[in-house]
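Each chain is listed here by its residues.
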4 protein chains.
Amino acid sequence: MSKLQVGVIGASGYGGAELVRLLLNHPDVEVCAISSHQYTGQPISDLYPGFQNCTDLVFIEQDQVIEKSDLIFVALPSGLSEPIAKACIEQGKKIIDLGADFRLDSSEEYEKWYGKPFGDIELHKMSVYGQCELHHDQIKDAQIIGNPGCYPTSIELGCYPAIHSGWVDTDHIILDSKSGTTGSGKKLTENTHFPRTNEAFAPYKVGCHRHTPEIEMMLSEMAGQPVKVTFVPHLLPINRGIVSTIYLPLKADVDLETIHQTYKKTYQNDPFVRVLDLGKVADLKFVTYSNYCDISLHMDTHTHTLIVVSCIDNMIKGAAGQAIQNMNIMYDFELMSGLKTVAPSF
Amino acid sequence: MSKLQVGVIGASGYGGAELVRLLLNHPDVEVCAISSHQYTGQPISDLYPGFQNCTDLVFIEQDQVIEKSDLIFVALPSGLSEPIAKACIEQGKKIIDLGADFRLDSSEEYEKWYGKPFGDIELHKMSVYGQCELHHDQIKDAQIIGNPGCYPTSIELGCYPAIHSGWVDTDHIILDSKSGTTGSGKKLTENTHFPRTNEAFAPYKVGCHRHTPEIEMMLSEMAGQPVKVTFVPHLLPINRGIVSTIYLPLKADVDLETIHQTYKKTYQNDPFVRVLDLGKVADLKFVTYSNYCDISLHMDTHTHTLIVVSCIDNMIKGAAGQAIQNMNIMYDFELMSGLKTVAPSF
Amino acid sequence: MSKLQVGVIGASGYGGAELVRLLLNHPDVEVCAISSHQYTGQPISDLYPGFQNCTDLVFIEQDQVIEKSDLIFVALPSGLSEPIAKACIEQGKKIIDLGADFRLDSSEEYEKWYGKPFGDIELHKMSVYGQCELHHDQIKDAQIIGNPGCYPTSIELGCYPAIHSGWVDTDHIILDSKSGTTGSGKKLTENTHFPRTNEAFAPYKVGCHRHTPEIEMMLSEMAGQPVKVTFVPHLLPINRGIVSTIYLPLKADVDLETIHQTYKKTYQNDPFVRVLDLGKVADLKFVTYSNYCDISLHMDTHTHTLIVVSCIDNMIKGAAGQAIQNMNIMYDFELMSGLKTVAPSF
Amino acid sequence: MSKLQVGVIGASGYGGAELVRLLLNHPDVEVCAISSHQYTGQPISDLYPGFQNCTDLVFIEQDQVIEKSDLIFVALPSGLSEPIAKACIEQGKKIIDLGADFRLDSSEEYEKWYGKPFGDIELHKMSVYGQCELHHDQIKDAQIIGNPGCYPTSIELGCYPAIHSGWVDTDHIILDSKSGTTGSGKKLTENTHFPRTNEAFAPYKVGCHRHTPEIEMMLSEMAGQPVKVTFVPHLLPINRGIVSTIYLPLKADVDLETIHQTYKKTYQNDPFVRVLDLGKVADLKFVTYSNYCDISLHMDTHTHTLIVVSCIDNMIKGAAGQAIQNMNIMYDFELMSGLKTVAPSF
């Protein structure tokens, strides 16, 4: 059987390069083409020497990538994916967009946070928000996937069972997230200058990060009513990983054991979500370089608040890995295909 | 004029050693004696080679330290300071305890978190909680100081103006703190083994850290009524510093400018507390190795929640530096004496 | 076809655990048994939570591991492998020892550095030093492999073409190596206590590290005459990787282009050794988490010294990965089987 | 007595800003003016928030700095200091240049490495290479100081007693140095982008770094004959500090104890140079944030090579601290004035 031909548009950025890295060892696909606006004509191994001897792929034009591929991954800055999606659909191809363009349902929200409304409403109607554990069935038949953001992935998986059960006072949800520096990407910035960033720590975009509407969209879906959250991201002086500490004040009289059982049951068929035993604490050490999401549950009996700790690798489960998981669902590959790396614990 | 003779009991631990390091360059005092149970007879420079050529101090017996000193700093594990305080008072000496033994007002709370009640109530009645900015006047005349914990210091300074003003819904306060590894001290532990800790991040003692009663004691004092909080500390893979992200839901209709002016005014005579301009974000990069506490203020208009970011060096403003500041107040030295180091910004 | 049954003795240490991690995704083998003296009866995922959901393996007794396996990997401290090798041979099984017991040819040298002579000379005569690129043919038929040390691996691959060509003045070879902290293993030590190690750097065992005789044995083999070296290892405040900066004063009148071509040709059939283009510098960023060894070549025309930079992941090419590569050669599996991970470049 | 008025030209870079940071707590001087080409008109605390509440200094024009100051520190890129030195001398002022312009004796060497010859030979004749421990007497009366480079400082102090004693075979000196990232300065570069640099390690400018001629100039002076060296710098993924591992093959039959005594005696009146006891290893942990240089001595009896490990803080003893030490000598201030900070050992 010939392998699925996949292409990556925007493969010179961190998200795209990580996709290529993982896809090269995926048994069911062949990476047939990659593009980069800035580096057209250069081998990817020039930019990322880790690829030497592993692939001869050279960045080509975006249009050629679409032409050569059955499935196209897009890893571009927001605002550029609509025309690509249109071209894919017209040519009978599928697309998984790692950017923000197909994540939100509402053109109004999109405009508020990204500065322009949806251009082609029909494309957005066709698209599915690719939260693999929560939207599995819609993903199966989708042609356009909006791959979730990194922070939202950690938060949504951490919140779902509790909010869906109706236990949470949804007026006072606090989401305190911490991310490694790869989340900022390849571009040089003051905030990722080594002597500035190393041995430092701070929040950024306090209460006004673009992932807020995506999180609220999904938490509202879970709650069956509009939910507003306070979300504060922080920059960790490490390479990879997101830890979200999620504060869910409980309105229901429910104990931690019950909550724990509900989480276990919810995710019993989701191999990438690991609900830890009570008493253990999720740590990103044990998820980085893998597609796992580790969740630990804690009760502040004092204030009757459920505290959920949710950890992922921002580049894998929070981006490239989840995109591949979406592909596995869409093409009926083994769910874990290409994503079996065990996280190094040291 | 002869200098104040000061001694440090427990100078082989991180807190005690940092005290010695800072006191050696304090113009108004002389470090006359230091003790360590484990290392008696050894020079401190054997243990911490940074002291070579800087001091010849050798660890001696605890009793001798009390005898030789006018003021005694104690940096021991909790539960050991009462008899030392008693001896100091009997000999007409003053004591600043960096441990937890004289921080709490309530013997019940102390017993709940530390496993035994107060032994000598009179000592506790004499003692003052040494929050330098908030308890300045009581500190002046104190003989026994309970030096605040590191997390509480960052949180109390960050909360005071807002809570004291009565603006905060004190039922839903969330305190999400992150600390560097020096907070764990000199003792080897799994959680500070380099390959385990580096490139990792996680919370610990979720909702049950011993600093909780100290924080609640002070926030209740500010509010004029009992306050309960949800407090979650995290371990940062760096050496020094605490960032507390403080979520204060507002019940009052107050805007960020008003809040900011109140913070500025509250701390206008406190040189070590820097309330940043609106729009800036406090970052521990700019406080480590100094005695400053940087505070930035942010409004989530969305949920009407005040977010306060408060940063300190856990070993200095959160321990040894604040202890020296207490001494400066008690002995009417210049407030910044010995504490003028400007934080390196790289 | 049934898969090769492999076991790991000493799987609770870093070397053994890394082996299990990699072997779990090796298509040609099944990890049937693992042992740990200290943790018998516990699942490996208790010790290293990254294994959760990935394997149910539980530590059992060492003897049972030998019994159940066709091939036994041993990852124990030095001095314990002889009796295991004996048992394996008696039961017709093969063994790859990651420790030092089967690396040296000379019982005298072994005794000098490890404190006791060889116990069973015959076992040592049977054993092969498993430098995969240099001893490929002996490895094919070996029953006992002494898997090379981490520092020696980086140095031997970096030195071979130049020394073998007879160009080097072998009286003045300087080997300055730097290793990440995983090289020290799982045991807590002062030198791996986070606040002590982080933002620090220093050499250790200066001129007297146990890997010296192993390096000299192999460099002498390459040179066809006894070679002595000055070897200084340093501890890098990172998790993984070794960089060896190798100073080879040249006695021959040979230019860098010629040397480069010789290196390229020597390793043209060795996919894991990447000789970089002239002008590029090997960096461990591009080898960590992979089995590659990157080598860059530089000439100090000034002193006519060839400088070779050789980088590996100490846990993979320097330990577990090379052990698997040895297995692949012994069992005629695809050479890269189980070792295809592309190094993340960020 | 009025304090010495000092100015800093180029105070927005790391070297200049570190100077200002240290000078603010120097008891004998007042920082009266600072300049920055790029940030004229802005307070230094905008650029480096650690300065908030500590100083109101605002960047002004370079000419004004010269006018207002008695002594001018210059911290500019190479090639810009000659006209400033000229202006200073004409106005009867002294200058300490932290850049490379006044370090080399030879216009030919300067041109070879920096691309242009000396412009005004007379200025260079007047200038003194400010190696504080080795050139103390010339510094006393100097008007122009060329402050040593960071790598050369660590190497020269480490080499002097052995080379000056005539023990070293000066044909095979290898200098393997490792520096933290602040050495690269404030400018954003690929090599200091956090996800690229963190958990990475590599040499750079292998055998061709600009500090080579400066090192050779000084080692030749020590040896009394021309010396050539092989010098390779590496980038450590930390903020501060240089460790130089110095390989000095011995031609003389001298033992380590004798060498150690000679080092101790050589530096007995130099408080900032600490020759460690035999058996100890210098570690940059114990010098960072201080002006100390720690030196440890080791013998590879095997190859009769003296190995010297020399550690400094690149920003302090390797730049701003040594500049202040030069000032202290020139103005007969206490040698350690303003430089008494004890290195934190954690």
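Residues numbered from 1 in each chain as written. Chains lettered and ligands numbered in written order. Predicted model: local features only at pLDDT ≥ 70, side-chain atom pairs only at ≥ 80, totals over all residues. Heavy atoms only, no water.

- As recorded in an unreviewed UniProt entry, chain A goes by the name N-acetyl-gamma-glutamyl-phosphate reductase, listed as coming from Absicoccus porci.
- Looking at chain A in UniProt, the text filed under Function (unreviewed entry) is "Catalyzes the NADPH-dependent reduction of N-acetyl-5-glutamyl phosphate to yield N-acetyl-L-glutamate 5-semialdehyde." (UniProt positions renumbered as here; feature names shortened; annotations may be inferred.)

## Comments concerning the UniProt feature "active site" (unreviewed entry) in chain A
Residues and elements named next belong to chain A.
Part 1 of the reasoning: In this numbering, the UniProt entry assigns the feature "active site" (unreviewed entry) to Cys 150.
Part 2 of the reasoning: Counting through the fold element by element, Cys 150 comes out in helix α8 (residues 150–164).
Part 3 of the reasoning: Ignoring anything within four residues of it in the chain, the contact list for Cys 150 reads His 211, Ile 242, Ile 312, Asn 314 and Gly 318. (Helix = DSSP H or I, 4+ residues; strand = E, 2+ residues; numbered from the N terminus. Contact = heavy atoms within 4.5 Å.)

## Focus on the relation of the copies chain B and chain A
Part 1 of the reasoning: When chain B is fitted onto chain A, the two copies agree to an RMSD of 0.0 Å after a turn of 180° and an axial shift of 0.0 Å. Expressed as an axis order, the relation between the two copies is that of a two-fold axis.
Part 2 of the reasoning: Most of the interface of chain B is mirrored in chain A, where 100% of its interface residues again form contacts. (Least-squares fit on C-alpha atoms with pLDDT ≥ 70 in both.)

## A look at the relation of the copies chain D and chain B
Part 1 of the reasoning: At an RMSD of 0.0 Å, chain D and chain B line up after a rotation of 180° and a shift of 0.0 Å along the axis.
Part 2 of the reasoning: Mapped onto chain B, 97% of the interface residues of chain D are again interface residues, and the two copies thus contact each other with one and the same surface.

## Quick look at the pattern of salt bridges
Part 1 of the reasoning: Within the structure shown, the criterion is met by 52 salt bridges over all chains.
Part 2 of the reasoning: A salt bridge links A:Lys340 to A:Glu334, with the nearest nitrogen and oxygen atoms 3.2 Å apart.
Part 3 of the reasoning: A:Glu334 sits in the partly exposed class, given a relative accessible area of 47%.
Part 4 of the reasoning: Note that D:Lys125 is salt-bridged to D:Glu122, the shortest N-O span being 3.7 Å. Of this pair, D:Lys125 and D:Glu122 both sit in helix α6 (residues 121–126), separated by three residues, roughly a single helical turn.
Part 5 of the reasoning: Residues participating in the shared-partner salt-bridge network are A:Glu18, A:Arg21, A:Arg240 and A:Asp313. (Salt bridge = Lys/Arg side-chain N within 4 Å of Asp/Glu carboxyl O. Buried < 20%, exposed > 50% of the residue type's maximum accessible area, 1.4 Å probe, protein only.)

## Focus on the interface of chain B and chain A
Part 1 of the reasoning: Facing the 46 residues of chain B at the interface are 47 residues of chain A.
Part 2 of the reasoning: Here chain B meets chain A over a buried area of about 3700 Å², counting both sides, of which 61% is carbon and sulfur.
Part 3 of the reasoning: For chain B, the biggest contributors to the area lost against chain A are B:Glu199, B:Phe201 and B:His302; these three give 17% of the whole.
Part 4 of the reasoning: Inspection of the chain B/chain A interface yields four salt bridges.
Part 5 of the reasoning: A salt bridge links A:Asp283 to B:Arg196; the nearest nitrogen and oxygen atoms lie 2.8 Å apart.
Part 6 of the reasoning: If you look at where chain B meets chain A, you find 28 residue pairs in polar contact (both at pLDDT 80 or more).
Part 7 of the reasoning: For the side of chain B that touches chain A, the element with the highest residue contribution is strand β10 (residues 229–235) of chain B, accounting for five residues.
Part 8 of the reasoning: For the side of chain B that touches chain A, the residue count by class is 23 nonpolar, twelve polar and eleven charged. (Buried area = accessible area lost by both parts, 1.4 Å probe. Polar contact = N/O pair within 3.5 Å; in protein donor to acceptor, adjacent residues only side chain to side chain. Nonpolar A, V, L, I, M, F, W, Y, C, P; charged D, E, K, R; others polar.)

## Details of the pairing of strand β13 (residues 293–300) of chain C
Residues and elements named next belong to chain C.
Part 1 of the reasoning: By the criterion of burial, β13 is predominantly enclosed, with eight of the eight residues buried.
Part 2 of the reasoning: Residues Cys 293, Ile 295, Leu 297 and Met 299 of β13 are buried on one face, and the alternating residues Asp 294, Ser 296, His 298 and Asp 300, pointing to the opposite face, are buried as well.
Part 3 of the reasoning: Where β13 lies against strand β14 (residues 305–312), seven bridges are found, and the strand directions are antiparallel. Along β14, the bridge assignment pairs Ser 296 with Val 309.
Part 4 of the reasoning: Counting the residues in the hairpin turn of β13 and β14 gives four residues, including His 304, whose phi is positive at 50°. (Pairing = 2+ DSSP bridges.)

## Details of the UniProt feature "domain: Semialdehyde dehydrogenase NAD-binding" (unreviewed entry) in chain A
Part 1 of the reasoning: When the UniProt feature table is mapped onto this chain numbering, "domain: Semialdehyde dehydrogenase NAD-binding" (unreviewed entry) sits at residues 5–142 of chain A.
Part 2 of the reasoning: Helix makes up 36% of residues 5–142 of chain A and strand 17%, whereas the separation of the span's terminal C-alpha atoms amounts to 18 Å.

## Overview of the interface of chain D and chain B
Interface size is often expressed as the accessible area that is lost when the parts come together.
Part 1 of the reasoning: Tallying the contact residues gives 37 residues for chain D and 36 residues for chain B.
Part 2 of the reasoning: Each partner contributes to the roughly 3000 Å² buried at the junction of chain D and chain B, and carbon and sulfur atoms together form 57% of this total.
Part 3 of the reasoning: If you sort the residues of chain D by the area they bury against chain B, D:Arg21, D:Val342 and D:Phe346 come out on top, with a joint share of 26%.
Part 4 of the reasoning: Summed over the shared surface of chain D and chain B, the number is two salt bridges.
Part 5 of the reasoning: In this structure, B:Asp46 engages D:Lys280 in a salt bridge whose closest nitrogen and oxygen atoms are separated by 3.9 Å.
Part 6 of the reasoning: Our count for the chain D to chain B interface comes out at 16 residue pairs in polar contact (both at pLDDT 80 or more).
Part 7 of the reasoning: Residue assignment for the side of chain D that touches chain B shows that the elements contributing at least two residues are α1 (14–23) and β12 (273–275) of chain D.
Part 8 of the reasoning: At four residues, α1(D) tops the list of elements feeding residues into the side of chain D that touches chain B.
Part 9 of the reasoning: Partitioning the side of chain D that touches chain B into residue classes produces 18 nonpolar, nine polar and ten charged.

## A closer look at the sheet that holds strand β9 (residues 202–203) of chain B
Residue and element names in this part refer to chain B.
Part 1 of the reasoning: Read from one edge of the open sheet, seven strands run β9-β10-β8-β11-β14-β13-β12, paired in mixed fashion. Strands at the two margins of the open sheet, each flanked by one partner only, are β9 and β12 (273–275).
Part 2 of the reasoning: Relative to β10, strand β8 (residues 173–179) runs parallel, the two sharing seven bridges. Bridge pairing in β10 links Leu 175 to Phe 231.
Part 3 of the reasoning: Across the sheet, helix α8 (residues 150–164) lies against β8, β10, β11 (242–249), β12, β13 (293–300) and β14 (305–312), angled at about 35° from β11, the strand it touches most.
Part 4 of the reasoning: Along the sheet, helix α11 (residues 256–266) makes contact with β12, β13 and β14, crossing β13 at roughly 165°. (Axes fitted to C-alpha atoms, helices over the stretch in contact; angles between N-to-C directions.)

## A closer look at the domain arrangement of chain A
Residue and element names in this part refer to chain A.
Part 1 of the reasoning: Split into domains, chain A comes out as domain 1 (4–148 + 317–330) and domain 2 (151–314).
Part 2 of the reasoning: Each of domain 1 and domain 2 has a C-alpha centre, and these two points are 25 Å apart.
Part 3 of the reasoning: Each partner contributes to the roughly 2300 Å² buried at the junction of domain 1 and domain 2, and carbon and sulfur atoms together form 58% of this total.
Part 4 of the reasoning: The tally of links between domain 1 and domain 2 comes to two salt bridges.
Part 5 of the reasoning: Among the salt bridges present, the one from Arg 240 reaches Glu 18, with a minimum N-O distance of 2.9 Å.
Part 6 of the reasoning: On the surface where domain 1 and domain 2 come into contact, there are 14 residue pairs in polar contact (both at pLDDT 80 or more).
Part 7 of the reasoning: The set of elements that each furnish at least two residues to the side of domain 1 that touches domain 2 consists of α1 (14–23), α5 (107–114) and α12 (316–330).
Part 8 of the reasoning: Among the elements that line the side of domain 1 that touches domain 2, the one with the most residues is α12, at six residues.
Part 9 of the reasoning: Of the residues that constitute the side of domain 1 that touches domain 2, the class distribution is eleven nonpolar, eight polar and seven charged. (Domains from an automatic or database assignment.)

## Topic: the packing of aromatic side chains
In this description, a pair of aromatic rings is defined by centroid distance and the angle of the planes.
Part 1 of the reasoning: Enumeration over the complete set of coordinates arrives at 40 aromatic pairs over all chains.
Part 2 of the reasoning: Measuring from centroid to centroid gives 5.9 Å for C:Tyr331 and C:Phe333, while their planes differ by 20°, and the two rings are stacked.
Part 3 of the reasoning: Since its relative accessible area comes to 22%, C:Tyr331 is described here as partly exposed.
Part 4 of the reasoning: In this arrangement the basic side chain of A:Arg274 is found over the ring face of A:Tyr292, its NZ or CZ atom lying 4.1 Å from the centre. (Phe/Tyr/Trp six-rings, centres within 6.5 Å; stacked < 30°, edge-to-face > 60°. Lys NZ or Arg CZ within 6 Å of the ring centre and 35° of its normal.)

## As for the state of the cysteines
Part 1 of the reasoning: Within this structure, the stated rule accounts for zero disulfides over all chains.
Part 2 of the reasoning: Distance from the sulfur of A:Cys150, which forms no disulfide, to the nearest cysteine sulfur (A:Cys293) is 13 Å.
Part 3 of the reasoning: As a non-bridged cysteine, C:Cys54 has A:Cys293 as the owner of its nearest cysteine sulfur, 14 Å distant. (Disulfide = S-S within 2.5 Å.)

## Topic: helix α4 (residues 81–90) of chain C
Part 1 of the reasoning: Listed in full, the buried residues belonging to α4(C) are C:Ser81, C:Glu82, C:Ile84, C:Ala85, C:Ala87 and C:Cys88.
Part 2 of the reasoning: Backbone geometry just downstream of α4(C) places C:Gly92 in the positive-phi region, at approximately 70°.

## Thoughts on the sheet that holds strand β1 (residues 4–9) of chain D
All names here are of chain D.
Part 1 of the reasoning: A sheet is described by the order of its strands in space; here seven strands give the open sequence β3-β2-β1-β4-β5-β7-β6, paired in parallel fashion. The outermost strands of the open sheet, each flanked by one partner alone, are β3 (59–60) and β6 (128–129).
Part 2 of the reasoning: Where helix α4 (residues 81–90) meets the sheet, it contacts β1, β4 (71–74), β5 (94–97) and β7 (144–146), and its direction lies at approximately 160° from that of β5.

## Some details on the pairing of β4(D)
All names here are of chain D.
Part 1 of the reasoning: Residues Leu 71 and Phe 73 line one face of β4 and the alternating positions Ile 72 and Val 74 line the opposite face, and both faces are buried.
Part 2 of the reasoning: Two elements, β1 and β4, share four bridges in a ladder whose sense is parallel. If you follow Val 8 over to β4, its bridge partner there is Phe 73.
Part 3 of the reasoning: Judged from the four bridges that link them, β4 and β5 form a sheet pairing that is parallel.

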